[in-house]
Amino acid sequence: MRILTIETTCDETAAAVIGDDLEVLGSVVASQDDLHRVYGGVVPEIASRAHVERILPVIDETLRRSGITLTDLDAVAVANTPGLAGSLLVGLVSAKALCVATGLPLIAVNHLQAHVYACRIAAGREVFPCIGMIVSGGHSSLYRCREALDFELLGATIDDAAGEAFDKVASMLGLPYPGGPAIQKAAQRGNPKAHRFPRALLGNREVLDFSFSGLKTAVRYTIAGPGKQDFESISLTEQQVADLAASFQEAAVDCLVGKAMLALEKTGLTTLCAGGGVAANTRFRARLEEEAQQRGVTLHIAPLQLCTDNAVMGAIAVERFRAGHFESLELDVLPGLVRKKG
Ligand code: KG4
Ligand code: ZN
């Protein structure tokens, strides 16, 4: 079996060809970071236009690297939820066009399930049932994953996603987009105890939700002064930037790790799978490893190249193929997070 997987949920245009045993025959990721950097975040209209330009060359190059042609494929899979509406549409329309042209069946991929499935691919063995944690630019959520395709939402951010907070705080500190890697780098020279930023909801054991907007505002007020928004005129020293970055990162990581552990406690599950762009963060990875070891939890964190968006994690389509879950050409995009099971 060979499945072409397509990923255009946000600002990466990606495709891959996956085989029976989840082996990757070829994979291409065209990043749009350079296009969005000047704005300090993803501009949806620019993202969808860039996907239109890149999708066919990315698919062509993926097939070339895989050493196959369209006729060697058994299905076409595409991430149709959640994500930016315009971006999702480019991937979906491309996948449908390929299906119409070739007669291949269409498979729908849930981008969040795919982020967790990145851990399954890397592990090379079963990881379910587990707590699935997705920490990315658009999402921060915890799921009870009974099986690869059976996810139940336990908690999610009630405002900003973790990655969004990294990106916005980076912009306040004059660091480049994407903010996560820039904050991580600056934080290496900083003191994580220099500022005591709020850890919203962390003390509330009733909920598995996250909130990062208060943390973001706290950083803003620390830079500009209480109640003041204008910090254009304020210049920070390199050490001040490093201390703010380290203190912010510590607070964000505390919240993420704390709720992941609470999810394990509440469900009695003993395996944790974490994926998404923020799971690339070295401090987050180290803290998760520490906590997991202390509690005897089996931990899978997606390898770095599978944390940020890619089409390899679309290998979850192999599970759908085996279960006979194919879609009609009526399949639509579903941009928002679905809070019910699925
Ligand atoms: O999963 P992803 O590529 O896209 C979404 O589905 O959102 O995640 C992108 C996010 C960005 O917000 C970026 O700043 C963050 O992941 N990120 C990081 C790191 N690398 C990427 N955040 C913290 N530390 C990192 N090392
Ligand atoms: Zn993602």
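Predicted, not measured: the structure shown is a model, and the values here were computed from it.

Visitor: I'd like a rundown of the overall build of the chain, residues and numbers included.
Guide: Summing up its helical and strand segments, the chain has 11 helices and 10 strands in all. Projected onto its principal axes, the C-alpha coordinates of the chain cover approximately 60 × 45 × 30 Å. Taking the contacts inside the chain whose residues are at least 6 apart along the sequence as the reference set, 71% of them involve residues at least 24 apart. Side chains of the chain carry 32 positive and 39 negative charges; the gap between the two charge centres is 6 Å.

Visitor: Lay out the site of ligand 1 with the relevant residues and their values.
Guide: Around ligand 1 sit 22 residues, and of these Gly137, Asp167, Gly180, Gln184 and Asp309 come closest. The separation between an oxygen atom of ligand 1 and a polar main-chain atom of Gly180 is 3.0 Å. Here Asp309 contributes a backbone N or O atom positioned 2.9 Å from an oxygen atom of ligand 1. Summarising the interface, the protein chains cover 92% of the accessible area of ligand 1, which totals 560 Å² for the free molecule. Here ligand 1 is seated within the largest pocket.

Visitor: Requested: an account of the sheet that holds strand S6 (residues 130–135), with residues and values cited.
Guide: Within a sheet, neighbouring strands are paired by backbone hydrogen bonds and run either parallel or antiparallel to one another. Taken in spatial order, the 5 strands make up an open sheet running S8-S7-S6-S9-S10, and their pairing is mixed. Whereas interior strands pair on both sides, the edge strands pair on one side only; in this sheet they are strand S8 (150–156) and strand S10 (298–301). Sheet twist, expressed as the mean angle between neighbouring strand axes with direction ignored, is 20°. Of the pairings in the sheet, the one linking strand S9 (residues 271–275) to S10 comprises 4 bridges and is parallel in character. Note that in S10 the partner of Leu272 across the bridge is Leu299. Where helix H4 (residues 111–123) meets the sheet, it contacts S6, strand S7 (140–147), S8, S9 and S10, and its direction lies at approximately 120° from that of S6. Across the sheet, helix H8 (residues 238–267) lies against S6, S7, S8 and S9, angled at about 160° from S6, the strand it touches most.

Visitor: Which residues make up the packing of helix H2 (residues 44–66) against helix H3 (residues 85–102), and what values go with them?
Guide: Between H2 and H3, the shortest axis-to-axis distance is 8 Å and the interhelical angle comes to 30°. On the basis of their axis angle, the class for H2 and H3 is roughly parallel. Every pair of crossing elements has a handedness; the one defined by H2 and H3 is right-handed. Listed contacts from H3 to Ala47, Ser48, His51, Val52, Ile55 and Ile59 of H2 are Gly86, Ser87, Val90, Ser94 and Leu98. Of the residues in the contact of H2 with H3, the class split is 6 nonpolar, 5 polar and no charged.

Visitor: Tell me what's going on with the coordination of the zinc ion (ligand 2), and back it up with residues and numbers.
Guide: Summarising the metal site, the zinc ion (ligand 2) is bound by the protein donors His111 (NE2), His115 (NE2) and Asp309 (OD), whose distances to it range over 2.0 to 2.1 Å. Coordination at the zinc ion (ligand 2) is irregular: its 4 donor atoms span angles of 94 to 146° at the metal. All donors to the zinc ion (ligand 2) come from one chain, and their sequence spacing reads H-x3-H-x193-D. Placement of the pair is His111 and His115 together in helix H4, with a separation of 4 residues, close to one helical turn. Each member of the pair, His111 together with His115, is buried.

Visitor: Just give me the short version of the pairing of S7, but keep the residues and values in it.
Guide: With 6 bridges connecting them, S6 and S7 associate as antiparallel partners. Its bridge partner lying in S7, Ile134 is registered against Ser141.

Visitor: Please provide a residue-by-residue account of empty space enclosed by the protein, values included.
Guide: The full count for this structure, using the stated rule, is 1 cavity of 30 Å³ or more. Estimated volume of the largest cavity: approximately 40 Å³. For the largest cavity, the full set of lining residues is Thr5, Ile6, Glu7, Ala79, Val109, His111, Ala114, Asn310, Ala311, Met313 and Gly314. The set of elements that each furnish at least two residues to the lining of the largest cavity consists of strand S1 (2–7) and H4. Here the lining of the largest cavity is composed, by residue class, of 6 nonpolar, 4 polar and 1 charged.

Visitor: I'd love a proper account of the sheet that holds strand S3 (residues 24–31), names of residues and values included.
Guide: Reading across the sheet, the 5 strands line up as S3-S2-S1-S4-S5 and stay open at both edges, with mixed pairing between neighbours. Each end of this open sheet is capped by a strand with a single partner; those strands are S3 and strand S5 (106–110). On average, each strand axis in the sheet is tilted by 20° relative to the strand beside it, whichever way the strands run. Note: strand S2 (residues 12–19) against S3, 7 bridges, orientation antiparallel. Residue pairing in the sheet places Thr13 in a bridge with Ala30 of S3. With respect to the sheet, H2 is in contact with S1, S2 and S3, its orientation differing from that of S3 by roughly 155°. The strands touched by H3 are S1, strand S4 (75–81) and S5; relative to S4, the strand with the most contacts, the crossing angle is about 160°.

What counts and how
- Residues numbered from 1 in each chain as written.
- Chains lettered and ligands numbered in written order.
- Predicted model: local features only at pLDDT ≥ 70, side-chain atom pairs only at ≥ 80, totals over all residues.
- Heavy atoms only, no water.
- Helix = DSSP H or I, 4+ residues; strand = E, 2+ residues; numbered from the N terminus.
- Contact = heavy atoms within 4.5 Å.
- Lys, Arg positive; Asp, Glu negative; His and termini not counted.
- Charge placed at Lys NZ, Arg CZ, Asp CG, Glu CD.
- Near = heavy atom within 4 Å.
- Polar contact = N/O pair within 3.5 Å; in protein donor to acceptor, adjacent residues only side chain to side chain.
- Areas by Shrake-Rupley, 256 points an atom, 1.4 Å probe, with all protein chains shown as cover.
- 1 Å grid on protein atoms, 1.4 Å probe; cavity = no way out; pocket = protein on both sides within 12 Å on 5 of 7 lines; lining within 4 Å.
- Sits in = over half its atoms within 2 Å of the grid points.
- Pairing = 2+ DSSP bridges.
- Axes fitted to C-alpha atoms, helices over the stretch in contact; angles between N-to-C directions.
- Parallel < 35°, antiparallel > 145°, perpendicular 65-115°, else oblique.
- Left-handed = near helix turned anticlockwise from the far one by under 90°.
- Nonpolar A, V, L, I, M, F, W, Y, C, P; charged D, E, K, R; others polar.
- Donors = N, O, S within 2.8 Å, 3.2 Å for Na, K, Ca; no water.
- Tetrahedral: all angles 85-135°; square planar, octahedral: opposite > 155°, others 65-115°.
- Buried < 20%, exposed > 50% of the residue type's maximum accessible area, 1.4 Å probe, protein only.
- Points joined across faces, edges and corners; volume = space filled by probe spheres on them.

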